[in-house]
Each structure stands twice: as C-alpha cells, then as structure tokens.
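The lines below spell out each chain.
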Amino acid sequence: MNFIQTRGVDTNKSESVTFSQAILSPIASFGGLYVPERLPDLGEAFLNKHKNSSYKVLAKDMLDTFEIDIDSSVIDEALNLYDKFDDASNPVPVVKVKENLYVSELYHGPTRAFKDMALQPFGVVLSSIAQRLNENYLILAATSGDTGPAALETFKNRANVKVACLYPNGGTSDVQRLQMVTEDAQNLKVIGINGVFDDAQNALKHLLASESFKQALHEKETKLSAANSVNFGRIIFQIIYHIHSYLELVRQNAITMGEKVYLNVPSGNFGNALGGYYAWKMGLPVEKIIISSNENNVLTRLIRDGKYDLRNCEVIGTTSPAMDILKSSNVERVLFDLFGETRTKELMKDLEEKNIYELTSDELIKLQECFDADWCSGNEGKKYIKKTFEEDNYLMDPHTATCMKSYETRCKSEIKSIIYSTAEWTKFSPVIANALTGEVDTQDIVALESISKVAKLEIPAMIKGLFHKNIVQKTIIEKEKIEEEILKFL
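Treat the numbers as computed from the prediction; the structure is a model and nothing was measured.

Criteria and thresholds
- Residues numbered from 1 in each chain as written.
- Predicted model: local features only at pLDDT ≥ 70, side-chain atom pairs only at ≥ 80, totals over all residues.
- Heavy atoms only, no water.
- 1 Å grid on protein atoms, 1.4 Å probe; cavity = no way out; pocket = protein on both sides within 12 Å on 5 of 7 lines; lining within 4 Å.
- Points joined across faces, edges and corners; volume = space filled by probe spheres on them.
- Helix = DSSP H or I, 4+ residues; strand = E, 2+ residues; numbered from the N terminus.
- Nonpolar A, V, L, I, M, F, W, Y, C, P; charged D, E, K, R; others polar.
- Pairing = 2+ DSSP bridges.
- Contact = heavy atoms within 4.5 Å.
- Axes fitted to C-alpha atoms, helices over the stretch in contact; angles between N-to-C directions.
- Buried < 20%, exposed > 50% of the residue type's maximum accessible area, 1.4 Å probe, protein only.

Draft legend 1. Broad picture of the layout of surface pockets. As a volume, the largest pocket reaches approximately 470 Å³. Glu135, Tyr137, Thr222, Lys223 and Leu224 are the residues nearest the centre of the largest pocket, which is lined by 21 residues in total. At the level of secondary structure, the elements contributing two or more residues to the lining of the largest pocket comprise α1 (19-24), α9 (211-219) and β8 (223-226). Counting residues per element, the lining of the largest pocket draws most heavily on α9, which supplies five residues. Grouping the constituent residues of the lining of the largest pocket by class yields eight nonpolar, eight polar and five charged. Volume-wise, the second largest pocket comes out at about 360 Å³. Considering the residues around the second largest pocket, the lining is formed by 18 residues, among which Asn12, Lys13, Ser25, Ile27 and Lys214 are closest to the centre. Elements represented by at least two residues in the lining of the second largest pocket include exactly α8 (197-209) and α9.

Draft legend 2. Local environment of empty space enclosed by the protein. Summed over all chains, the structure comprises five cavities of 30 Å³ or more. Roughly 250 Å³ of volume is contained in the largest cavity. Along the walls of the largest cavity sit 22 residues, with Phe114, Lys115, Gly268, Asn269 and Ala322 positioned nearest its centre. Broken down by secondary-structure element, the contributors of at least two residues to the lining of the largest cavity are α10 (232-251) and α11 (271-281). Classifying every residue of the lining of the largest cavity gives seven nonpolar, 12 polar and three charged.

Draft legend 3. Representation of the sheet that holds strand β15 (residues 476-477). A sheet is described by the order of its strands in space; here five strands give the open sequence β8-β5-β6-β7-β15, paired in parallel fashion. Pairing within the sheet leaves two strands with one partner each, and these edge strands are β8 and β15. Against the sheet, helix α6 (residues 147-155) makes contact with β5 (137-142), β6 (161-168) and β7 (188-193), and its axis sits at roughly 165° relative to β6, the strand it touches most. Against the sheet, helix α21 (residues 482-489) engages β5, β6, β7 and β15, with an angle of about 160° to β7.

Draft legend 4. Quick look at the pairing of β7. Most of β7 is tucked away: six of the six residues are buried. With burial as the criterion, each face of β7 is covered, one bearing Leu188, Val190 and Gly192 and the other bearing Lys189, Ile191 and Ile193. In terms of strand pairing, β6 meets β7 through six bridges, oriented parallel. Residue Tyr167 lies in a different strand from β7, and its bridge partner there is Gly192. Looking at chain direction, β7 and β15 are connected through two bridges and run parallel. Bridging from a neighbouring strand, Gly192 pairs with Ile476 of β15.

In structure tokens, the structure reads:
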C-alpha cells in the first residue's frame, strides 16, 4: 500500500510513497502529513478470527492488511519487544472499574507510558530500514513528557540512528525528566528548552521542512526523520490496541461481537485518538470517540463549536502535562479523511497564518458524527482520582482522570466505555499523592513512597532506580538555539 499527502502534492515530491519512505521522511508537501491511500476493511470476520488471538498475532495480521514494505522477519523482531512488557501474554490489560466502564492500560512497557506501545516496535523498524539502505538518520523527537523517554529507550544504541530529543524545561514530571536526562547512550542527545511543548513541536516541524538544515545534515552524511506522531510509523502501531481492547471486552463477556462501544481518549497531540478513529473506519464497532482534555481545551472547542482558535491562547501548565498542547498535529489527518486535501490545506493555512480555522456547519456535523468532547480541570481530576480509588479500588494517573468527567457527561450509561490509560501512577506521583492524602509540594520520590504505602502498590524497579542514576544530559537552551545545538551534537 502507498501513502498519500494531506495537503496535496508540490513539485518536489512524488504523488505517493511507500510506507518506508513515509516513515523515513514524514513531512509531506506544503508541510502536510502522510496517510494511507486507503484503509483496509477488516470487518467482523477479522474480529472473529482474532477473538482468542494473542496481542502479537493480532498485530501481525493487522499490519499485514496494510501491505507495508517491511520484511516479515523485521516485523516479528519488532513485535517481540512486547514480550518484555509486564505480562508477555497480555501487554495491554483491560480492567473493569465500574459497571459499563473499562480501562485499557497502555503503560506496562519499559517507560511506564503508552508511547511504548508504538515506539518500541517503531525503533526496530526504522533502524532496520536505515541499515538496509546503508544510510544514517537523525531522529527528532519533541516531547511533553512521554514520547521522549519512549523514543530514547527504543533507539538507544541502535545502528545507523541518532536521536535529538527536545523537551520543555520545567514542563515535565521529575520522573519523566529523569528518564531522559539519565540516558547515556552515545547516539542520544536530550535538549531542554526554555519554552513549552508547542515550541518544541514547532521547532521539530520547522527543521523537518528546512532545506538548509537538511543540507547541513547532508554534509554530515545524515538524513532526517521524526519519532513524533506526525510519523505514520507511530500511528500504525496505535491502531492495534484499540482493536485488542474491544476484543478483550468480548473475551470477558462484557459485550457481544458487533456491539458498539465508546472509545474515551485523553488527548494531546491526537495520535491516540486517531488510532481509534482509523480502527473504527476499518470496521471496529464504535458508537463514538470521546476526546478528553485538560484546561488546554482547544479540542473540546473544535468538536463542540467547529472552531480551532489559538488567538490570544497560551499553553496553560496543568496537572496533566502530557496534554499541555495547543496544536494537535494529528487532527489534520482526520480533516483530510473527512474533507479532502484541498479543504485540509486551506484550513491548515488559516491556522498557520491567522491562528484560527472554522468549519462550516455541514463539516461540523460530520465531525460530530465521529467525536464528542469534554474537558476536566486539575482539581476535578484529583477528585476523580480520589473517588475512583476509594470507591472502586482503582488508581489512575491525572491524564486518565480527565476521561472520568467525559464518561459522566458525554456517554450514554447503557453503552460500554473503554477509557485509555496513558501512564502509570508512578509518572505523576506528586499530583496523585495530593489527591489521595492532601500533601503538597512533595518531591517525586517522597510522593511515590507515600502512594505505595497508601495504595499498597510496589514502586517498579525501573522507576525507583532513576533517583540513583547520574544526570548525563545537562543541556538547557533558548529555543532559538535548537538547530545550532543539534548540529553541534552531530
């Protein structure tokens, strides 16, 4: 299967590219993104075939439907990394929390966040392509806290690959920061910037599109790619766990095959939600996708009012920092699927030039047929954390907690809901400790021990060990110095 472009084709790029080409060079014409030329139609036959399949068997068959140009042995090697998750037989547990409410736990990988689900196999695939072509690649990653650790983990010491990871200084949890700054592999560079995630993501997109930067890399015999969800190599692996989660409900006799469910997704850059949208378009029985946001609620306003309005907006620092994002890149892929390349290019141009775009009434109706949304404040989220722990004996992180509000406000009670839990409690322990015990201004290590005692949960060794590792990555710069710093690293 080939991949086409969300904003049409300029004179410098091919009309369509292979999967390998799309993930090696993920920015398309006019700054757009690559999408599959068509989505495979899985249907109920596919779901029935995999009613009792393991995660890896399901994943391999789903990937095969895209007919991607990656050797089967490489795919097997990539998927085998799920064997290193907490439970090799079930890397994504789906847990019943309330009547008609289930949580799909996506955080049982090495960095304790959902980004491992896509980035663990993605690292194998990209490195193998680079080796096959005998080319060297610089992988850019911009992170609000979870992509960075997962990208560094998957690419460390891999052949033909170097990684430059940008994060907002002071904009992540201590655990997330330590996961990045203690990485000591020679092919990794972590750069803190004095700014917010959108600054990091804008810099990444600028460099991916910059001919002068690419020329500078060319002189160093290096090509350029990205680990963020602008890269479809990330998205393709995110489709799988939505299908798996649905089948888990069937296996648990919570639903019958073909019964529709809500997919309730805490949303920042929209890649997780996009994976659910594609799964739905491919045949997964979905009632609607619920988008849950924090105080940076541009997505709620888009889905309810049809306006993506960033005028006079600044990123608000919240208790769910991985969602502290204003420009959600993957919304563009939904716009393309619903409205086509001409309209998508027009809307994205308006956003870039005017900081706003507005859907027509008919376009908004089409969007609302697929999505609903609500947002949850930090204080509300902490109340949901405490209430769910006390009433249901279930501990969730502040991103997952945003879904509890939209579950109450946007979901019909008779339809089963799957909430996607994107991070383990260990990643945001001060917020959770405050929610459970009222303690404030607690350092992560103290909060972890407090929660461990209250909830009778063991702190994973890979988290506890972070506080005893040396800080290796010490670079913190102004955002204007990013390109210079990356070239210095190379």
